[in-house]
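# Structure assessment
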Number of protein chains: 2
Amino acid sequence: MSIGVFDSGVGGLTVFKSISEKFQQVDMYYIGDTARVPYGNKSMDTVIKYSKELANFLISNFHVDLIVVACNTASSYAIDYLKNNLTIPVIGVVEPGATSAISITKNNKIGVIGTQATIKSNSYANILRALSKNGLNVYQKACPLLVPLVEEGKIDHKVTEIIVKEYLDEIVDEGVDTLILGCTHYPVLKPLIKKIYPQLNLVDSSEAIINYIEKIGINKFEKGIRNIYVTDESSSFEILKNMLIGDIPTFKIDLDSITKD
Amino acid sequence: MSIGVFDSGVGGLTVFKSISEKFQQVDMYYIGDTARVPYGNKSMDTVIKYSKELANFLISNFHVDLIVVACNTASSYAIDYLKNNLTIPVIGVVEPGATSAISITKNNKIGVIGTQATIKSNSYANILRALSKNGLNVYQKACPLLVPLVEEGKIDHKVTEIIVKEYLDEIVDEGVDTLILGCTHYPVLKPLIKKIYPQLNLVDSSEAIINYIEKIGINKFEKGIRNIYVTDESSSFEILKNMLIGDIPTFKIDLDSITKD
């Protein structure tokens, strides 16, 4: 059994790590598209094109049995395309996150934060409403400054606190009890968000996705491969990678090798 | 006479605008690489590859007589490659900015701010030292959060003021009297920087570049073309474009059409 995980950059390593720890015997391959990161402000057509290229890289090089789209923007824009056009199973982060939020909320008021693209796509709002048996109120907010703040290490900084309040006060005032962290960069801000809004239940898709993979069934092997690829050398990728998952080596691939049809 | 201007995204429109206003009779073509923006955290090899593709697009489609690299990161990493490999003149923003700063400073202490890539390249420091007859002290500081703050419209916001001080206090304390704004996004922060540090002379490359183009010589025509291209549809490009240069239409090109050798 082998799993391919892709993301626009480094954030998806949180998902890679959760799966690695839970399913140690599975071979795992990660690709971060550091040559074209970020995806959060790009168009649907472009995000679908890039996602297709990354999935094809993982399938043709490593014959993976499952693709995990560890990027909320790519999950929001490209998951239907990938499910319809690939012959292997594909899991995104949106459906697991939405399912988890529905099981947690007590008052059926759920908040969703993410990139411009994720929020514009209405991916979470659509799937929350489709999955919920009861009526749900969904409050969405794009938070484009949180990714650069996290990437610059402003995790517990007064500036990040001001920006978080500016983004979240309006949806917290609506009475949401559960907040979906709809971007893989956001879980490192959990302590700060919990400090400002202790009443909120925070949903992290990298944890929620484990249940989905368990359903597929995993064969037992001794010990799995862990390989990480990027489309551009990036010191910020290396720094965050070491912080998130430790000293696994990174291999750079030629972007042109994956963009040819 | 026609000029091709390229940038990673929207910021180079400040350069496009300055040239358009000064040389109204020249035909001008702009391409912003919105499908792969930003360049500021990418590697030298990748920035050279992308710059080559954008220059080739302008040359093969519009037969431009001059290429202006309106992106500090691309000017820092790719200008030597482009000068050595193109048959037409190429102007970046680094040399004009450095020349202007040398003519302005009174105490030979010059500060430079830019993206991670621009500062890491030492492009400004190297050219300042090469051009200066007197000894110069150069103080550099990467300011990666300023681009996202500008793109989110936080132009005169307390958060931007805190971040500007965090970045600039240490180089202002060294006694610099002249600060090069080494990124095309920064000129919109001039009023804020002037408010915090009224003693500083601010150097804007989009103005400094005009002198360089005048040296090349311009033929007179009635009225020039103004065409703008992007590699991805982007609402933030459109918003900032309308703010910077008004209602010139944008055309999207297929990224694959420029990445084939």
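Note that this is a predicted model, so its numbers are computed, not measured. (Residues numbered from 1 in each chain as written. Chains lettered and ligands numbered in written order. Predicted model: local features only at pLDDT ≥ 70, side-chain atom pairs only at ≥ 80, totals over all residues.)

## Notes on the overall build of chain A
In terms of regular secondary structure, chain A is built from twelve helices and ten strands. Taking 18 Å as the expected radius of gyration for a compact globule of 261 residues, we find that chain A reaches 18 Å, a close match to that expectation. Taken along the three principal axes of its C-alpha coordinates, chain A extends 50 × 40 × 35 Å. Counting all 261 residues of chain A, 52% fall into the buried class. Restricting the contact set of chain A to residue pairs at least 6 apart, pairs at least 24 apart contribute 75%. (Helix = DSSP H or I, 4+ residues; strand = E, 2+ residues; numbered from the N terminus. Rg over C-alpha atoms; globule rule 2.2 N^0.38 Å. Buried ≥ 20, exposed ≤ 12 C-beta atoms within 10 Å, placed from the backbone. Contact = placed C-beta atoms within 7 Å.)

## Concerning helix 6 (residues 123–131) of chain A
Residues and elements named next belong to chain A. For helix 6, every residue scored as buried is listed here: Ser123, Tyr124, Ile127 and Leu128. Taken down its axis, helix 6 places every buried residue within 120° of arc, on the same side. Here the buried face of helix 6 lies against helix 3 (72–85), helix 4 (94–104), strand 5 (109–114), helix 5 (116–121), strand 6 (137–142) and strand 7 (178–182). (Arc of directions from axis to C-beta.)

## A look at the packing of helix 2 (residues 44–62) of chain B against helix 3 (residues 72–85) of chain B
Residue and element names in this part refer to chain B. Two elements in contact, helix 2 and helix 3, have axes whose closest approach is 9 Å; the angle formed by their N-to-C orientations is 70°. Our classification of the angle between helix 2 and helix 3 gives roughly perpendicular. Note that helix 2 runs across helix 3; the crossing there is right-handed. In this structure, helix 2 contributes Met44, Val47, Ile48, Ser51 and Ala55 to the contact, and helix 3 contributes Thr73, Ala74, Tyr77, Ala78, Tyr81 and Leu82. (Axes fitted to C-alpha atoms, helices over the stretch in contact; angles between N-to-C directions. Parallel < 35°, antiparallel > 145°, perpendicular 65-115°, else oblique. Left-handed = near helix turned anticlockwise from the far one by under 90°.)

## Re the relation of the copies chain A and chain B
Turning one copy of the chain about an axis and sliding it along that axis gives the other copy, so a rotation and a shift relate them. Turning chain A through 180° and shifting it by 0.0 Å along the axis lays it on chain B, with an RMSD of 0.0 Å. Both copies of the chain, as the preceding transformation shows, are related through a two-fold rotation axis. Considering only C-alpha atoms, the residue of chain A closest to the rotation axis is A:Arg36, which sits at 2.3 Å. A share of 100% of the interface residues of chain A reappears at the interface of chain B, consistent with the copies meeting face to face through the same patch. (Least-squares fit on C-alpha atoms with pLDDT ≥ 70 in both.)

## Brief notes about the confidence of the model for chain A
The predicted model of chain A has a mean per-residue pLDDT of 91, with 97% of residues at 70 or higher. In the predicted complex, the global pTM is 0.89; the interface-specific ipTM is 0.87. (pLDDT = per-residue confidence, 0-100.)

## Concerning the sheet that holds strand 8 (residues 201–204) of chain B
Residues and elements named next belong to chain B. Read from one edge to the other, the open sheet built from four strands follows the order 6-5-7-8, with strand pairing classed as parallel. Each edge of the open sheet carries a strand with a single partner, namely strand 6 (137–142) and strand 8. Averaged over neighbouring strand pairs, the angle between their axes works out to 25° when direction is ignored. Looking at chain direction, strand 7 (residues 178–182) and strand 8 are connected through four bridges and run parallel. (Pairing = 2+ DSSP bridges.)

## Focus on the interface of chain A and chain B
At the interface, 20 residues of chain A touch 20 residues of chain B. Secondary structure elements with two or more residues in the side of chain A that touches chain B: helix 8 (158–172) and helix 12 (255–259) of chain A. Sorting elements by how many residues they give to the side of chain A that touches chain B places helix 8 of chain A first, with four residues. Within the side of chain A that touches chain B, the residues separate by chemical class into seven nonpolar, six polar and seven charged. (Nonpolar A, V, L, I, M, F, W, Y, C, P; charged D, E, K, R; others polar.)

## Considerations on the domain arrangement of chain A
All names here are of chain A. Under the domain assignment, chain A is made up of domain 1 (2–92 + 208–259) and domain 2 (94–204). For domain 1 versus domain 2, the separation of C-alpha centres amounts to 22 Å. Counting residues at the interface gives 25 residues for domain 1 and 23 residues for domain 2. At the level of secondary structure, the elements contributing two or more residues to the side of domain 1 that touches domain 2 comprise helix 1 (13–22), helix 3 and helix 10 (205–216). (Domains from an automatic or database assignment.)

## With respect to the pairing of strand 6 of chain A
Successive side chains on a regular strand alternate, one facing one side of the sheet and the next facing the other. Residue and element names in this part refer to chain A. Residues Val138, Gln140 and Ala142 point to one face of strand 6 and are all buried, whereas Asn137, Tyr139 and Lys141, pointing to the other face, are not buried. Across six bridges, the pairing between strand 5 and strand 6 is parallel. Note that in strand 6 the partner of Val112 across the bridge is Gln140.

## Here's the deal with the nonpolar core
Grouped together as the largest cluster of nonpolar side chains are 160 residues, with contacts concentrated most on A:Val68, A:Val69, B:Val68 and B:Val69. For B:Val69, the contacting residues outside a window of four places in its chain are B:Phe6, B:Ser51, B:Ala74, B:Ser75, B:Ala78, B:Ile79, B:Leu82, B:Val90, B:Ile91, B:Gly92 and B:Val93. (Core = buried A, V, L, I, M, F, W, Y, C linked by C-beta atoms within 7 Å.)

## Some details on the sheet that holds strand 4 (residues 90–91) of chain B
Residues and elements named next belong to chain B. Taken in spatial order, the six strands line up as 4-3-1-2-9-10 in an open sheet, and their pairing is parallel. This sheet does not close on itself; its edge strands, each paired only once, are strand 4 and strand 10 (250–252). Sheet topology note: the strand 2 (residues 27–32)/strand 9 (residues 226–230) ladder contains five bridges and is parallel. Residue pairing in the sheet places Tyr29 in a bridge with Asn227 of strand 9.

## Describing the packing of helix 8 of chain A against helix 8 (residues 158–172) of chain B
Running from amino to carboxyl end, helix 8 of chain A crosses helix 8 of chain B at an angle of 165°, the nearest separation of the two axes being 10 Å. Here helix 8 of chain A lies roughly antiparallel to helix 8 of chain B, going by the angle between them. When you trace helix 8 of chain A past helix 8 of chain B, the crossing you get is left-handed. Every residue of helix 8 of chain B that contacts helix 8 of chain A at A:Lys158, A:Val159, A:Ile162 and A:Ile163 is listed here: B:Lys158, B:Val159, B:Ile162 and B:Ile163.

## Observations concerning the pairing of strand 5 (residues 109–114) of chain B
All names here are of chain B. Counting buried residues along strand 5, five of its six residues qualify, which places the element largely inside the surrounding structure. Relative to strand 7, strand 5 is paired through five bridges, and the arrangement is parallel. Residue pairing across strands places Gly114 opposite Gly182, the latter belonging to strand 7.

## Description of helix 3 of chain A
Because an α-helix packs 3.6 residues into every turn, residues spaced three or four apart end up facing the same way. All names here are of chain A. Compared with an ideal rise of 1.5 Å per residue, which puts 14 residues at 20 Å, helix 3 spans 19 Å between its outermost C-alpha atoms and is within 8% of the ideal. The axis of helix 3 is deflected most strongly, by about 65°, at Ala78. Within the sequence span of helix 3, burial applies to Asn72, Thr73, Ala74, Ser75, Ser76, Tyr77, Ala78, Ile79 and Leu82. (Expected span 1.5 Å × (residues − 1). Bend = angle between axes of the 7 residues up to and from the residue.)

## Comments concerning the environment of A:Ile19
Residues and elements named next belong to chain A. For Ile19, the position within the fold is in helix 1. The spatial distance from the C-alpha of Ile19 to the C-alpha of Leu179 is 22 Å, given a sequence separation of 160 residues. With residues near it in sequence (within four places) discarded, Ile19 still touches Ile3, Met28, Val68, Ile210 and Ile213.

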